[in-house]
Amino acid sequence: MDYDLIVVGAGHNALISAAYAAKAGYRVGVFERRDVVGGAVSTVEHVPGYQFDLGGSAHILIRLTPIIEELGLYDYGLEYLELDPLFFAPYEDGSSVYIHRSVDATCEGLEQQFPGEGDRYKTFVGTWAPFAQTVRNVFLSTPSPLELGKSFLFGDSADVDWQNALSVIMTPYGEVVDQFFTEEKVKTPLVWMAAQSGPPPTETLSAPFLLWHPLYHESGVARPRGGSGGLTKALAAMIRAHGGEVHTSSPVDRLVVSSGKAQGVVVDGEVITARAVLSGTHILETLDNLLPSQYRPADADRMRVGNGFGAILRLALDKPVEYTASPGLQARTGLQLVCRDRQQIMDAYADYLRGDPATDPPIVAMTFSSVDDTLAPPGGEVLWLWAQYFPYEMSGGKTWDQVGDQVAESILDAFEAYAPGTKASVVGQLFQHPLWLERELGLRKGNVMHLEMTIDQMFSLRPSMSLSGYEGPVQGLFLTGASMHPGGGIMGASGRNAARVVLKYLDSKP
């Protein structure tokens, strides 16, 4: 055997699984089709002197896990920069809202602007913190009925008033805020953050996307120095330091399966063997293209990718952004939630349902060069504008190659209303529309979550009931990535959970 474990793809979940296996002393080989590691957690110099992330940028959820410490990633070049305030929400009338790492500081600021809202925020966080902790624990376990039951019956969930909580959990998150707050300027940024998972504010059973908000105060928001790819570079360095190999520009052509067991992979016509194979690619790439067709499960036909939902415009600027509502560094530190009100989110979603790009998109703006001088030259700025909602397949036969430039301009125009002068300072850009995301990062139909994050594709139903335990449809094949529980985002729980399953298999079969 060439390896104990072959890992297909070098996204952050795949690298995390590989790192745990290498740490356990197994011979690990990672094969990645692109020339850099990281997948959607990578950073490149797209404009001379400017470092652009190509996918996820804010590191929140992974800091709710023990992954960084368990793998010792600070010893391999990872350095996190803490961001505080966490969130800033500007409004066109010149007002703004800040959410700080400290709950008390957040409440104090809200109370000064909107009497009563600070106390309501403290009640909201205090009420739902135990539930949020329970969700975190569920994310860190294999989503079997037994594990789900244990998580909800013991630990932090014991502090949840389930009789009252269930009626809230069943509610669309766009309505839950009305039960706690009175001011639209406070409700809007909370709903807009919840919308980052994909489902609209009207989706039933979507309240948990809002109710895990208290976790932001626990984990904070951070950035790896040098770009989001600092995480995956550290993972690759850790794997190599433990005897593993990470091969870039090495696309896997297919999986080798014999007598119903994964035996290895084919790379550039060469068969490379292993005791086990872990695929970190999109689940449908694994099942439709890599796995021999006779082993493809019927479940694959029921996995919903959806029709994309977001796009990101990355800009190199020759001067810092300046918001009318709050000039200066503080506003540019964390995530900037540029959304007028909840109706703007719903209007953008209505455009999406019609098959049209949002004409007035809500935006999450990021200017991490404000805290990391390695991202832009002196005096410059990187500005990234994530906007929703944008369909992959559009009405009227439109294609992204045709309308991409126009849509990119509309996103920048929407932002310009809050930070005049931004357009004039642009010196370079990259527009990652849904088709770009599919072509370059393998994100089918531009869905950064791989599969839609609706309740029927979550927990033990992700990606399907029969595959939710990180085991593939043939012996010796394992699965990780955003297609698996708990879904997309920079958390790494899928990689850590899958590693436990893989290691149990390797340990049991000497």
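In this structure, the second largest pocket encloses a volume near 360 Å³. If you go around the second largest pocket, you meet 23 residues; those closest to its centre are I169, L205, P208, I455 and F459. Only helix 4 (117-139), helix 5 (145-153), helix 6 (162-169) and helix 9 (208-211) provide two or more residues apiece to the lining of the second largest pocket. The element that contributes the greatest number of residues to the lining of the second largest pocket is helix 4, accounting for four residues. Here the residues of the lining of the second largest pocket are counted per class, giving 19 nonpolar, three polar and one charged.

Let's shift gears to the pattern of salt bridges. Taken as a whole and assessed by the stated rule, the structure comprises 30 salt bridges. R225 is the salt-bridge partner of D372, the closest N and O atoms lying 3.9 Å from each other. With a gap of 147 residues between them, D372 in the loop between strand 15 (363-366) and strand 16 (381-388) and R225 in the loop between strand 8 (221-224) and helix 11 (229-241) connect regions that are remote in the sequence. D372 sits in the buried class, given a relative accessible area of 1%.

The periodicity of an α-helix, 3.6 residues per turn, causes residues three or four places apart in sequence to face the same way. Taking 1.5 Å of rise per residue, twelve residues should cover 16 Å, and helix 13 (residues 342-353) covers 17 Å from first to last C-alpha, within 8% of that figure. Those residues of helix 13 hidden inside the fold are in contact with helix 7 (173-176), helix 8 (184-194) and strand 16. By the N-cap criterion, in which a side-chain oxygen at the helix start approaches the backbone nitrogen of a residue two or three places on, helix 13 is capped by D341, the distance to Q343 being 3.2 Å. Note on helix 13: the residue one or two positions beyond its end, G355, has a positive phi of about 85°.

Between Q388 and the following residue, Y389, the backbone shows a cis peptide bond with an omega angle of -5°. Mapped onto the elements, Y389 comes out in the loop between strand 16 and helix 14 (400-416). Cis geometry marks the peptide bond from H485 to P486; its omega dihedral reads 5°. With respect to the helices and strands, P486 occurs in the loop between strand 18 (477-479) and helix 16 (493-508). Phi is positive for L205, which is not a glycine, with a value near 60°. Residues other than glycine seldom take positive phi values, yet F459 does so here, at roughly 55°. The class for F459 is partly exposed, based on a relative accessible area of 23%.

A word on the packing of aromatic side chains. Using the criterion set out here, one finds 19 aromatic pairs in the structure. Taking 5.5 Å as the distance between ring centres and 90° as the angle between the ring planes, the aromatic pair formed by F209 and W212 counts as edge-to-face. By relative accessible area, which is 10% here, W212 ends up buried. Seen in terms of ring centroids, F478 and Y505 are 5.2 Å apart; in terms of plane orientation they differ by 65°. Their pairing is edge-to-face. Placement of F478 in strand 18 and of Y505 in helix 16 is noted, with a sequence separation of 27 residues between them. Residue F478 shares its accessibility class with Y505, and that shared class is buried. Members of the aromatic cluster, joined through ring pairs, are F88, Y98, Y323 and F415. We note R63 situated over the ring of Y80; from NZ or CZ to the ring centre the distance is 5.5 Å.

The next thing to look at is the pairing of strand 15. Across the two faces of strand 15 the burial is the same, with I363 and A365 and V364 and M366 all buried. Where strand 14 (residues 335-338) lies against strand 15, three bridges are found, and the strand directions are antiparallel. Looking at the pairing, Q336 lines up with A365 of strand 15.

For the rest of this paragraph, the subject is the pairing of strand 12 (residues 270-279). Successive side chains on a regular strand alternate, one facing one side of the sheet and the next facing the other. Within strand 12, seven of the ten residues are buried, leaving the element largely enclosed by the surrounding structure. In the sheet, strand 1 (residues 3-8) pairs with strand 12 via five bridges, with the strands oriented parallel. Bridging from a neighbouring strand, L5 pairs with A276 of strand 12. Inspection of the sheet shows strand 11 (residues 261-267) paired to strand 12 by four bridges, in the antiparallel sense. Directly across from V267, in strand 12, lies its bridge partner E270. Once strand 11 ends, the chain turns through two residues before running back antiparallel as strand 12, passing D268 with a positive phi of about 55°. The pairing of strand 12 with strand 18 spans three bridges and is classified as parallel. Note that in strand 18 the partner of V277 across the bridge is L477.

This part is about the nonpolar core. Counting residues in hydrophobic clusters, the biggest one holds 111 residues, and the most contacted among them are Y323, L335, L385 and F415. In this view, F415 contacts V321, Y323, V338, I363, A365, L383, L385 and T422; residues no more than four positions away in its chain are not counted. One finds I16, A262, V501 and Y505 within the second-largest nonpolar core, a separate group that totals 70 residues.

This part covers the environment of L15. Following the sequence through the fold, L15 ends up in helix 1 (residues 12-23). Along the primary structure L15 and M238 are separated by 223 residues, whereas in three dimensions their C-alpha atoms are 9.6 Å apart. Among all residues touching L15, those that are not within four sequence positions of it are A10, V30, V37, G38, T232, L235 and I239.

Here is what the cut-offs are and how they apply
- Residues numbered from 1 in each chain as written.
- Predicted model: local features only at pLDDT ≥ 70, side-chain atom pairs only at ≥ 80, totals over all residues.
- Heavy atoms only, no water.
- 1 Å grid on protein atoms, 1.4 Å probe; cavity = no way out; pocket = protein on both sides within 12 Å on 5 of 7 lines; lining within 4 Å.
- Points joined across faces, edges and corners; volume = space filled by probe spheres on them.
- Helix = DSSP H or I, 4+ residues; strand = E, 2+ residues; numbered from the N terminus.
- Nonpolar A, V, L, I, M, F, W, Y, C, P; charged D, E, K, R; others polar.
- Salt bridge = Lys/Arg side-chain N within 4 Å of Asp/Glu carboxyl O.
- Buried < 20%, exposed > 50% of the residue type's maximum accessible area, 1.4 Å probe, protein only.
- Expected span 1.5 Å × (residues − 1).
- Contact = heavy atoms within 4.5 Å.
- Polar contact = N/O pair within 3.5 Å; in protein donor to acceptor, adjacent residues only side chain to side chain.
- Phe/Tyr/Trp six-rings, centres within 6.5 Å; stacked < 30°, edge-to-face > 60°.
- Lys NZ or Arg CZ within 6 Å of the ring centre and 35° of its normal.
- Pairing = 2+ DSSP bridges.
- Core = buried A, V, L, I, M, F, W, Y, C linked by side-chain atoms within 4.5 Å.

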